[in-house]
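Read off the chains here:
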Amino acid sequence: MKSFQFLINKLAKYMYPCHTNKILPGRNSFSILWIISENTLYISIWILAGFLLVPVWQFAGISILTIVWAAIVISIQLALKKHNCSGCYYYDKRCHLGWGKISSALFEQDSGSPELAQKLSLFYIVSPPLIAIVSISYALVEKASIGFLGMIVLYIVLNAITFPVRRKGCAVCAMRATCPGSSVANS
Ligand code: SF4
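For clarity, every value in this text was computed on a predicted model and none was experimentally measured. (Residues numbered from 1 in each chain as written. Predicted model: local features only at pLDDT ≥ 70, side-chain atom pairs only at ≥ 80, totals over all residues.)

A look at the overall build of the chain
When its secondary structure is counted, the chain shows seven helices and two strands. N-terminal to C-terminal, the α/β element order of the chain is α-α-β-β-α-α-α-α-α. Expressed as a percentage of the 187 residues in the chain, the buried residues total 21%. (Helix = DSSP H or I, 4+ residues; strand = E, 2+ residues; numbered from the N terminus. Buried ≥ 20, exposed ≤ 12 C-beta atoms within 10 Å, placed from the backbone.)

Side note on the packing of helix H2 (residues 32-53) against helix H7 (residues 146-171)
Packing of H2 against H7 brings their axes to within 10 Å, and their N-to-C directions diverge by 155°. As the angle between them shows, H2 and H7 are arranged roughly antiparallel. Pair H2 / H7 crosses with left-handed handedness. Of the residues in H7, those in contact with Glu38, Leu41, Ser44, Ile45, Leu48, Ala49, Phe51 and Leu52 of H2 are Met151, Ile152, Leu154, Tyr155, Leu158, Asn159, Ile161, Thr162, Val165 and Gly169. Residues of the contact of H2 with H7, tallied by class, amount to 13 nonpolar, four polar and one charged. (Axes fitted to C-alpha atoms, helices over the stretch in contact; angles between N-to-C directions. Parallel < 35°, antiparallel > 145°, perpendicular 65-115°, else oblique. Left-handed = near helix turned anticlockwise from the far one by under 90°. Contact = placed C-beta atoms within 7 Å. Nonpolar A, V, L, I, M, F, W, Y, C, P; charged D, E, K, R; others polar.)

Some words on unusual backbone geometry
In this structure, aspartate 110 takes a positive phi of about 60° despite not being glycine. By the secondary structure assignment, aspartate 110 is in the loop between helix H4 (99-106) and helix H5 (114-120). Residue class for aspartate 110 comes out partly exposed when judged on the 16 C-beta atoms lying within 10 Å of it. The phi dihedral of lysine 143 is positive, around 50°, even though this residue is not glycine. Assignment of secondary structure puts lysine 143 in the loop between helix H6 (122-142) and H7.

Topic: the site of the ligand
Around the ligand, the surrounding shell consists of Asn84, Cys85, Cys88, Tyr90, Cys95, Leu97, Trp99, Gly100, Ser103 and Met175. By residue class, the composition of the shell around the ligand is seven nonpolar, three polar and no charged. (Near = placed C-beta within 6 Å.)

Notes on the packing of H6 against H7
At a minimum axis separation of 10 Å, H6 and H7 run at an interaxial angle of 165°. When the axis of H6 is compared with that of H7, the two are roughly antiparallel. In the packing of H6 onto H7, the handedness of the crossing is left-handed. Residues Pro128, Ile131, Ala132, Ser135, Ile136 and Ala139 of H6 pack against Phe148, Leu149, Ile152, Tyr155, Ile156 and Asn159 of H7.

Looking at helix H3 (residues 64-83)
Taking 1.5 Å per residue as the helical rise, H3 with its 20 residues ought to reach 28 Å, and the 28 Å between its terminal C-alpha atoms agrees with that figure. Where H3 is concerned, the buried positions are Leu65, Trp69, Leu80, Lys81 and His83. In the core, the buried residues of H3 are packed alongside H2, strand E2 (62-63), H4 and H5. (Expected span 1.5 Å × (residues − 1).)

Description of the nonpolar core
Cys85, Cys88, Tyr89, Tyr90, Ala174 and Met175 are the most contacted members of the largest nonpolar core, which totals 15 residues. Ala49, Leu53, Trp69 and Tyr155 belong to the second largest nonpolar core, which has eight residues in total. (Core = buried A, V, L, I, M, F, W, Y, C linked by C-beta atoms within 7 Å.)

Considering the confidence of the model for the chain
In this model, the chain carries an average pLDDT of 89, and 87% of its residues clear a pLDDT of 70 or more. The spread of mean pLDDT over the elements of the chain runs between helix H1 (residues 2-12), the lowest at 50, and H2, the highest at 98. (pLDDT = per-residue confidence, 0-100.)

So, in structure tokens, the structure goes:
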């Protein structure tokens, strides 16, 4: 525990001020299997969302909404690596998503804005219900195929699975007291 505190004190000056002194004992690094599994879940959800949007709005045979969705996912995820992960305790470490490593490969430590990060994080709250509402509305209006309905069900199930998965990661995360997305902030 002492060495953990020593590490925290050394790192504190590099973290966003809003995180300093709020780091709790937790896992310092997560297994590759954990990282791959959790990333697979999120990437599957984002790809599935892109498929659900394919028939909703097409122009000259091109799925406009899917292209817009892909651009949003890539740009917000990149921006979060800068504005969220560059000021995180896990910068340059294997956090439960491994994104601390991606952040250190792309951006300087503490080079983002925590206020902007908080706004960008709304992506995780807003996009799942929005995609579900758009695809369910499309299915009702256009009498969608069984396959499309099955994709909607899978999308909802995968999103539901993220709750226990996130809770499992948050429970052992050193950032759980200060991360705006923590599901166990008071534990
Ligand atoms: S714990 Fe969260 S904020 Fe920190 S590096 Fe990992 S994904 Fe980014």
